[in-house]
Amino acid sequence: MRAFLIYTVDGVTNGMVYAAVALALVMIWRATRIINYAQGAMAMFTTYIAFFVIEHGTPFWLGFVIALAAGLALGAVTERVLVRPVESRPALSAVILTLGLLIFLEALAPMLFGAQVQSFPAPFSRIDLTAGGTQLYFSRFDIFTVGSVLCVMVLLFVLFQRTTIGLRMRAAAFNPEIARILGIRVGRMLTLGWALAALLGALAGLLAAPVLFLYPTNMDEVLVFGFTGAIIGGLESPVGAVVGALGVGLALSYVSGFLGSDLAPLGSLLILMAVLMIRPRGLFGMTRQRQV
Amino acid sequence: MAISVKATLAPLAYVTSSGVLALTAAALEVGDVSVRFGGVVALDGVSLTVDRHEIVGIIGPNGAGKTTLFNAVCRLIAPAGGTISYAGRSLLREKASRLPHLGIARTLQGLGLWPTLTVLENVIAGSPQRTRLFADMLASPASDTRAQTTEGHAMSALGELGIADRARVYPGSLPHGVQKRVVIARALTAQPSLLLLDEPASGLSSAEVEELIVLLRELRTRMGIALVEHHVDMVMAVSDRVTVLNLGRVIASGTPAEIRANTDVSTAYLGQPVAHA
């Protein structure tokens, strides 16, 4: 039972990091019909920026904010400079482009910051808390991980559901032509969407680095797990992405805890295959209605 | 600088780029516009004006170039030649998303409603009100006031179309005729001075078409309307002037009575009369 609780807490904590990546992928997919394969590499790169400024004497939290801001900027620049020009080209162009960006960032990072594995500081203790002599199986850092991702999710929910700009982002994502006619600056909405997605990714990178360490490919597995979560959730649904990613986090934690950590990636693929065979649209997937 | 002033019911005042107040009769002026898609000439030297407080019907067989003309006006496609101006201001350098800010609203063929947004959200999305990300996120008092104003305009547009009670439902659950009204309400929430309607009567019952005619006559008191429509009887009933396109060219232009009497128009629609022995 004790092992089960430990693996559950681990699963939820990791699952929240995967959820941040999954949500970022879903946001970009909904807005531009592109899977951003560079999402993990972008997160890795912004984490390196935080690492660099912290190493050079910047206080941790300022470095944290700088990484998030760098994520916003990197997302916006990626959309504006790289994605926009291939917007009207076949979908494969954008796929190749994001794969190219992944390779570019993973090559650039070691040139700028070194290729060796670095330890990245956790903002809070990773030692499990105790209450009245009873061990609780989770640490302050776990609470921070879950809390910060939840906070950003709530903020994004408020943005999309309760503000006019969120409404316009949803409208621009669903039908850009009508949105343009109605005066919505579609390009700006898409840039904002990419920026917010990259912000989420940057947060995931900062939360994953203290656990996974920091090296140029440290987010590759996280991207795969986040992607699996997004697909399980239906790729269209933000709620589905979070639920799917949490499921992946838990499943991987149980597989790696009870069966061995080498089997974790295999477990992720098995879940993906099972969901796609039983429900190809994903758990929360829906048929899109489009006016022809 | 010579300023041309044409006689009109309600001249529209505007400030030119040089800051001179000028008057013009025609709100929308399309001059000698050509559009090509590769080797296909979709529009060939089309000219058209729409004044304020008038309804101009644009009819023609399928493929005549009616929607292409709207798309050119709305900057969704770039003309190969010609001029398009609104209130004396060239639209050729404007982005499509700027047009509602200049007072031009448009509906599309079909519905074009967002099924995942409620009726009210669909209409609010058509409001050209400026948004401010951080103020909106923090729900600042100014942002709240702005949101209330936008919602007020949207509700008033829905009220004008008689569907305010459907504001909170999703458009997919509504009958086609009501969805058509939502589309027009969405265009009206921008409080336009020129309304471009693309087949507003398609799929409507005769009773609904009659109601649409009444609505358009009411709207004419506030704005100019260009109407692309296959429902020729409706166009003839409601339009002040009618322009007929065929194969990308204007083949006739005049009052509904003149158009009815035009043999080129009946030929375009019905073909050459068969000579009897």
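Residues numbered from 1 in each chain as written. Chains lettered and ligands numbered in written order. Predicted model: local features only at pLDDT ≥ 70, side-chain atom pairs only at ≥ 80, totals over all residues. Heavy atoms only, no water.

Peer 1: Report on the overall build of chain A, specifying residues and quantitative values.
Peer 2: When its secondary structure is counted, chain A shows 11 helices and two strands. Taken against the 2.2 N^0.38 rule, which gives 19 Å for 292 residues, the C-alpha radius of gyration of chain A at 19 Å falls within 12% of a compact globule. For chain A, the C-alpha atoms occupy an extent of roughly 65 × 50 × 35 Å along the three principal directions. For chain A, the proportion of its 292 residues judged to be buried stands at 53%. Here the contacts in chain A between residues at least 6 apart in sequence split such that 74% fall between residues at least 24 apart. About 13,100 Å² of surface is accessible on chain A, with carbon and sulfur atoms providing 69% of the total. Put simply, chain A has 18 plus and 12 minus side-chain charges, and the middle of one group is 15 Å from the middle of the other. (Helix = DSSP H or I, 4+ residues; strand = E, 2+ residues; numbered from the N terminus. Rg over C-alpha atoms; globule rule 2.2 N^0.38 Å. Buried < 20%, exposed > 50% of the residue type's maximum accessible area, 1.4 Å probe, protein only. Contact = heavy atoms within 4.5 Å. Areas by Shrake-Rupley, 256 points an atom, 1.4 Å probe, with all protein chains shown as cover. Lys, Arg positive; Asp, Glu negative; His and termini not counted. Charge placed at Lys NZ, Arg CZ, Asp CG, Glu CD.)

Peer 1: Explain the overall build of chain B residue by residue, including any values.
Peer 2: For chain B, the helix and strand inventory stands at 10 helices and 12 strands. The 277 residues of chain B split such that 51% are buried. Residue pairs at least 24 apart in sequence account for 61% of intrachain contacts in chain B once pairs closer than 6 positions are excluded. For chain B, the accessible area works out to roughly 12,500 Å², and carbon and sulfur atoms hold 54% of it.

Peer 1: So what's going on with the layout of surface pockets? Residues and values would help.
Peer 2: Residue and element names in this part refer to chain A. Of the volumes computed, that of the second largest pocket is approximately 600 Å³. Around the second largest pocket, the lining comprises 27 residues; the ones closest to its centre are Asp10, Asn14, Tyr18, Val211 and Leu212. Those elements that place two or more of their residues in the lining of the second largest pocket are helix H1 (2–32), helix H5 (140–162), helix H8 (186–212), helix H9 (220–233), helix H10 (238–259) and helix H11 (264–278). The dominant element in the lining of the second largest pocket, judged by the number of residues it contributes, is H1, at six residues. In terms of residue class, the lining of the second largest pocket is built from 13 nonpolar, 10 polar and four charged. (1 Å grid on protein atoms, 1.4 Å probe; cavity = no way out; pocket = protein on both sides within 12 Å on 5 of 7 lines; lining within 4 Å. Points joined across faces, edges and corners; volume = space filled by probe spheres on them. Nonpolar A, V, L, I, M, F, W, Y, C, P; charged D, E, K, R; others polar.)

Peer 1: Could you give an account of the confidence of the model for chain A, with specific residues and numbers?
Peer 2: Residue and element names in this part refer to chain A. Looking at chain A as a whole, the pLDDT averages 89, with 97% of positions reaching at least 70. Mean pLDDT across the elements of chain A bottoms out in strand E1 (residues 128–131) (80) and peaks in helix H2 (residues 39–55) (96). The model gives residues 288–292 a pLDDT under 50, and that stretch makes 10 contacts with residues more than four places away or in other chains. (pLDDT = per-residue confidence, 0-100.)

Peer 1: Go over the interface of chain A and chain B with me, naming the residues and quoting the values.
Peer 2: Between chain A and chain B, the contact holds 23 residues from the first and 25 residues from the second. For the pair chain A and chain B, the summed buried area comes to about 2,500 Å², and 70% of that belongs to carbon and sulfur atoms. Considering only the surface of chain A that becomes buried against chain B, Arg168, Ile181 and Leu182 of chain A emerge as the three largest contributors, covering 27% of it. If you look at where chain A meets chain B, you find one salt bridge. The shortest N-O distance in the salt bridge between Arg170 of chain A and Glu121 of chain B comes to 3.4 Å. (Buried area = accessible area lost by both parts, 1.4 Å probe. Salt bridge = Lys/Arg side-chain N within 4 Å of Asp/Glu carboxyl O.)

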